[in-house]
Amino acid sequence: MRVAVVSMDTVWTRDRPATRRTRRVARGLAARGHEVHHLCAQWWGGHIDQFAEEGVEYHALTEGPAAGSFRSKLPFALRNVDPDVVHAVSVPPGHATTAKTAAKVLRVPVVLDWWERDPERGTDRQYRKAANRADRVLTPSETIRTAVREHGAGDADVHVIPESIDVDLVRSAAVDDRFDAVWARDLDGDANVGEFLLALAELRDRDWTAAVVGDGPARADAERMAADLRIDDRVTFLGDLTPAEFVPVLKGSHVFAQTATYEPFATELLWALACGCVGIVEYQAGSSAHELVEGLDRGRLVTSPQELADEIVACGSLPEWETNEGFAGFDHDEVLSEWLDCYEEVVDGYGWF
């Protein structure tokens, strides 16, 4: 199958969970022998228009991110690639609608991967148009699926394909048992790591150690808060970790706390649950994290730091696990098959055929 990925942004120009998801899917498709062409802004050096990496052929439509120029060149690029299916992303939304217009002429379907709606990069009208014109809209969670339906997409046209993890790594990794509790995420304005630190402060008279994994602009404030709460001697800020570094920490921990106010998909929580951690999620209206622990024996929902502290204590009676095979279905290969099934369904059912 020949797949055209339409995303001006890449991890090299805008490193975000959404662009990491796009790169992972593109590489996975290429590894299975599919022909993948990623139409993007140039991120490599030199004066060449195409660049191959990890089996994916990248086509530079612009020298750098430039939404208007990218959109104007997109129809010609799609015609040259001549794909069987177009995989577009939701941000900026105008690119998805332009892709659909071009794809209609080429008589191929468009699958829209909707990770988020960024109001700074598109109007509400543009996002509605993107959601309604795609042949299939995919989201990482039910929370985001609901948001897309609120933008007018038909219920039958919106499906969930979650994020994925390397289950073989979980099974084979060593165990780093330095920490009892772990919190992990990008430390940005939505991290809300202070809730975790407040919960730990409630337990300062107990014996525990904790780790905060991740980096970003909110890290310095979090470190100061830990010091102000007089728990900085037991909370270690590990910074960003690769999966190979992160998984052993999770396998040796008993509890993972999720407190972020915004999360289309809680990937770090998924890793933790697969590593046998008890997942404690502070419910937030803008986060989908609760979906991973609802109805789960080793999952808890809380609404405040005090409840989080209470659950950390209560979960101490649960057995310690190093893996949870109940999450094997989130393996990279398993989830990639869902993407391929979706492509095949929209291609087989497309109106022109």
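For the structure itself, consult the block above.
Overview of the structure. Quick caveat: nothing in here was measured; it's all calculated off a predicted structure. (Residues numbered from 1 in each chain as written. Predicted model: local features only at pLDDT ≥ 70, side-chain atom pairs only at ≥ 80, totals over all residues. Heavy atoms only, no water.)

### Quick word on the environment of Val-235
Mapped onto the elements, Val-235 comes out in strand β11 (residues 235–239). Non-local contacts of Val-235, meaning those with residues more than four positions away in its chain, are made with Leu-197, Leu-200, Trp-208, Ala-210 and Val-212. (Helix = DSSP H or I, 4+ residues; strand = E, 2+ residues; numbered from the N terminus. Contact = heavy atoms within 4.5 Å.)

### Quick notes on the sheet that holds strand β8 (residues 158–160)
Taking strand neighbours across the sheet as the criterion, the eight strands line up as β3-β4-β2-β1-β5-β6-β7-β8 in an open arrangement whose pairing is mixed. Either end of the sheet is taken by a strand with one partner, and the two such strands are β3 (50–53) and β8. Neighbouring strand axes in the sheet, compared pairwise and without regard to direction, differ in orientation by 25° on average. Pairing geometry for strand β2 (residues 35–41) and strand β4 (residues 56–62), over five bridges, is parallel. In the strand pairing of β4, Leu-39 is matched with His-59. Packing of helix α2 (residues 67–81) onto the sheet brings it into contact with β1 (2–6), β2, β4 and β5 (85–89), and relative to β2 it is tilted by some 160°. (Pairing = 2+ DSSP bridges. Axes fitted to C-alpha atoms, helices over the stretch in contact; angles between N-to-C directions.)

### Looking at empty space enclosed by the protein
Throughout the structure, instances matching the rule amount to three cavities of 30 Å³ or more. Taken as a whole, the largest cavity encloses approximately 150 Å³ of empty space. Looking at the largest cavity, it is lined by 15 residues, and the ones nearest its centre are Asp-9, Ala-18, Thr-19, Val-91 and Glu-116. Counting residues per element, the lining of the largest cavity draws most heavily on helix α1 (residues 17–31), which supplies four residues. (1 Å grid on protein atoms, 1.4 Å probe; cavity = no way out; pocket = protein on both sides within 12 Å on 5 of 7 lines; lining within 4 Å. Points joined across faces, edges and corners; volume = space filled by probe spheres on them.)

### Things to note about the packing of helix α7 (residues 194–202) against helix α12 (residues 305–314)
It is the contact of α7 with α12, at a shortest axis distance of 8 Å, that shows an interaxial angle of 60°. Taken together, the axes of α7 and α12 are oblique relative to one another. The handedness of the crossing between α7 and α12 comes out as right-handed. Residues Glu-195, Phe-196, Leu-198, Ala-199, Leu-200 and Glu-202 of α7 form the contact with α12, whose own contacting residues are Pro-305, Gln-306, Leu-308, Ala-309 and Ile-312. Looking at the contact of α7 with α12 residue by residue, the class counts come to eight nonpolar, one polar and two charged. (Parallel < 35°, antiparallel > 145°, perpendicular 65-115°, else oblique. Left-handed = near helix turned anticlockwise from the far one by under 90°. Nonpolar A, V, L, I, M, F, W, Y, C, P; charged D, E, K, R; others polar.)

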